[in-house]
Amino acid sequence: MTLVRLDRVGKSYGRGRPVLSGVDLEVRGGQVTGLVGTNGSGKSTLLRILARISEPTSGSVVGTPSTGYVPDRFPASTRMSAVAYLRHLGRISGVPGAGQRAEALLERLALEGGPGAPIRRLSKGNAQKVGLAQALLAEPELLVLDEPWSGLDPAAHGVLGELIAEARDRGAGVVFTAHDERVARVHAGQVFRLADGVLREAADSVARVVLCRDGDRKELAVPSEQVDEVLLDALRSGWSVREVRR
Ligand SMILES: Nc1ncnc2c1ncn2[C@@H]1O[C@H](COP(=O)(O)OP(=O)(O)OP(=O)(O)O)[C@@H](O)[C@H]1O
């Protein structure tokens, strides 16, 4: 089911060159979409339009799913504790059992200081965890995550991957941005690259490499320009190359 669709979406700030020009994107339930692109290519702009926080200058956005949005930097300014803040948000938006759910999410993400930690004193990565818990609290139909991995430690990386997969499995649509295309490939069923205001499928920029060693087999998604380097490292470590799919 299509949750939201961008039709020929354009966005300009002031009189400068448009940041987005003619972007088409369909987000379906049960689908994870990754967006990659260089700094300033317009990824956050596109996510804000998807989350209906910002309006496009041209084109249209069709669909109004319930949405959880995590900005690239969570504004952690309140004196409240993480759990009290989330419980409060849950109460005003009518989420049943918000307190318990918030506590469970914060514990799962291993918030430093626990669910009772005051938000204002949190580090960037820990504040990001509160932002994630907030977005997930009401189990929205659409989850929009702006660079959700930035600032997270490896354990939280793993939990975030699980949370994205769980959202997908309950039928939510997930759209995230990432700087590392390999990270995007691991978590998304489809990956698009934003460049010069245009969105294109990034599928052909990644190769699948299948390696074998002593009965073990592993399959890697490798950016095309790094294939030679990865193969060389693998051969040096005693792996044999079974297949390279470009
Ligand atoms: N509110 C704004 N007013 C004016 N220009 C803006 C505004 N927001 C973004 N821009 C400009 O739009 C362009 C795209 O910014 P955006 O934040 O969407 O890129 P991004 O791909 O998310 O970048 P990064 O990877 O660095 O987070 C940049 O040139 C930025 O300066």
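For clarity, every value in this text was computed on a predicted model and none was experimentally measured. (Residues numbered from 1 in each chain as written. Predicted model: local features only at pLDDT ≥ 70, side-chain atom pairs only at ≥ 80, totals over all residues. Heavy atoms only, no water.)

Asks: Would you mind showing me how to read the pairing of strand 6 (residues 142–145) here?
Replies: Here is the key point about a regular strand: its side chains alternate between the two faces of the sheet. Of the two faces of strand 6, the one lined by Leu 142 and Val 144 and the one lined by Leu 143 and Leu 145 are each fully buried. Pairing geometry for strand 5 (residues 67–70) and strand 6, over four bridges, is parallel. Across the sheet, Val 70 pairs through a bridge with Leu 145, a residue of strand 6. Relative to strand 7 (residues 173–177), strand 6 is paired through four bridges, and the arrangement is parallel. When the sheet's bridge partners are listed, Leu 142 is paired in strand 7 with Gly 173. Viewed along the sheet, the connection from strand 6 through helix 5 (residues 154–169) into strand 7 turns out right-handed. (Buried < 20%, exposed > 50% of the residue type's maximum accessible area, 1.4 Å probe, protein only. Helix = DSSP H or I, 4+ residues; strand = E, 2+ residues; numbered from the N terminus. Pairing = 2+ DSSP bridges. Right-handed = clockwise from strand over helix to strand, strands pointing away.)

Asks: Which parts of the structure should I look at to understand the site of the ligand?
Replies: Close to the ligand lie 13 residues; Asn 39, Gly 40, Lys 43, Ser 44 and Thr 45 are nearest. In this structure, an oxygen atom belonging to the ligand sits 2.8 Å away from a main-chain N or O atom of Gly 40. Between the ligand and Ser 41 there is a distance of 3.2 Å, counted from an oxygen atom to a backbone nitrogen or oxygen. Protein coverage of the free-state accessible area of the ligand, which is 640 Å², stands at 58%. Across the shell around the ligand, the residue classes break down as two nonpolar, eight polar and three charged. (Near = heavy atom within 4 Å. Polar contact = N/O pair within 3.5 Å; in protein donor to acceptor, adjacent residues only side chain to side chain. Areas by Shrake-Rupley, 256 points an atom, 1.4 Å probe, with all protein chains shown as cover. Nonpolar A, V, L, I, M, F, W, Y, C, P; charged D, E, K, R; others polar.)

Asks: Which parts of the structure should I look at to understand the nonpolar core?
Replies: Where a protein is soluble and globular, its nonpolar side chains tend to be buried together. Ranked by internal contacts, the top residues of the largest apolar core, which has 43 residues, are Leu 86, Leu 106, Val 130, Leu 145, Ile 164 and Phe 176. Elements that contribute at least two residues to this core include exactly strand 3 (32–36), helix 2 (82–92), helix 3 (98–108), helix 4 (124–136), strand 6, helix 5 and strand 7. Counting 22 residues, the second largest nonpolar core, distinct from the first, contains Leu 142, Val 144, Val 175 and Leu 199. (Core = buried A, V, L, I, M, F, W, Y, C linked by side-chain atoms within 4.5 Å.)

Asks: Looking at this model, I keep getting lost on the packing of helix 2 against helix 3. Mind explaining?
Replies: In helix packing, the relevant descriptors are the interaxial angle and the interaxial distance, both defined with respect to the helix axes. Running from amino to carboxyl end, helix 2 crosses helix 3 at an angle of 140°, the nearest separation of the two axes being 8 Å. In terms of orientation, helix 2 and helix 3 fall into the oblique class. For the pair helix 2 and helix 3, the sense of crossing is right-handed. Where helix 2 approaches helix 3, its residues Ala 82, Val 83, Leu 86, Arg 87 and Gly 90 are matched on the opposing element by Ala 98, Gly 99, Ala 102, Glu 103 and Leu 106. Split into classes, the residues belonging to the contact of helix 2 with helix 3 amount to six nonpolar, two polar and two charged. (Axes fitted to C-alpha atoms, helices over the stretch in contact; angles between N-to-C directions. Parallel < 35°, antiparallel > 145°, perpendicular 65-115°, else oblique. Left-handed = near helix turned anticlockwise from the far one by under 90°. Contact = heavy atoms within 4.5 Å.)

Such coordinate-based values are descriptive only and should not be taken to indicate function.
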